[in-house]
Amino acid sequence: MKTLTKEALRNHLDSLIDDLGFKDPKFNEKMRLLSSIEDEKNNVLMSLYTQEYGPCSATSIKDLPRGKSDYTAIMIDFSNGFDNYKKDLKRSLQHIKYRNQNALILLLMILNLSHPYSEILYYRFYKQMSNVEVMHKLYLSKATYFRNYKVGFTQLLERLNNYIVEYNSKINQSNGDF
């Protein structure tokens, strides 16, 4: 992992709720899939795949024009599509899990900042309140809000970069130990 720039941190903060998965209607289903055992995974995957991609011709050839109703070819295409779907979904789930873990770390670091920095960043990015709403909620003037926002943002960036450096050194140490 590389250390973060201010712009990268801002992007992570802006996508915090999305990364935590609160807006994805299928998030719980995907997370359950990550933790289920292999047989259950295949059943859930097949169910998801057939719901999204299963052509009516996979179960019925009546909708196909004459000469196009080779049921075996249809099922082979469906099966190959399922294999590709599993691979793509696995990559997607790993990416979601990675983003979710990073978002949780980011949220915990926000909450571990001192007052008023943690409150400002919490309301601004987790609760997704506007700058003005946060100012009113915390009874801060505009100048005080932005000064504290800047200090809190800088502290968060430093803590995250220290965390990344420690994480990388642990990874490098564990790579040397076989």
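Report on the accompanying structure. The shown structure was predicted, so the numbers you read here are calculated from the model rather than taken from an experiment.

## A short note on the nonpolar core
Thought 1: Core analysis: the largest hydrophobic core is formed by 26 residues, its most contacted members being L9, L13, L16, L106 and L156.
Thought 2: Those elements that place two or more of their residues in this core are α1 (6-14), α2 (16-20), α5 (71-111), α6 (117-126), α7 (131-138) and α8 (142-176).
Thought 3: Setting aside its immediate chain neighbours within four residues, L9 contacts L106, F153, L156, L157 and L160.

## Topic: the environment of L140
Thought 1: Along the polypeptide, L140 turns up in the loop between α7 and α8.
Thought 2: On a C-alpha basis, the gap between L140 and I120 in space is 10.0 Å, while along the polypeptide they are 20 residues apart.
Thought 3: If near-sequence neighbours (up to four positions away) are discounted, L140 is found in contact with I120, M135 and Y145.

## Quick notes on the environment of D19
Thought 1: Mapping D19 onto the fold places it in helix α2.
Thought 2: Separated by 76 residues in sequence, D19 and H95 have C-alpha atoms that sit 9.9 Å apart.
Thought 3: Those residues in contact with D19, other than ones at most four positions away along the chain, are H12, R99, N100 and A103.

## Some words on the environment of D18
Thought 1: Looking at where D18 falls in the secondary structure, it is placed in helix α2.
Thought 2: What makes D18 partly exposed here is its relative accessible area of 45%.
Thought 3: Spatially, the C-alpha atom of D18 lies 9.0 Å from that of R99, the residues being 81 residues apart in sequence.
Thought 4: If we ignore the near neighbours within four places in the chain, the residues touching D18 are K23 and R99.

## Quick look at the side chain of N148
Thought 1: Secondary-structure assignment places N148 in helix α8.
Thought 2: If near-sequence neighbours (up to four positions away) are discounted, N148 is found in contact with P116, Y117 and I120.

Rules of the game
Residues numbered from 1 in each chain as written. Predicted model: local features only at pLDDT ≥ 70, side-chain atom pairs only at ≥ 80, totals over all residues. Heavy atoms only, no water. Core = buried A, V, L, I, M, F, W, Y, C linked by side-chain atoms within 4.5 Å. Buried < 20%, exposed > 50% of the residue type's maximum accessible area, 1.4 Å probe, protein only. Helix = DSSP H or I, 4+ residues; strand = E, 2+ residues; numbered from the N terminus. Contact = heavy atoms within 4.5 Å.

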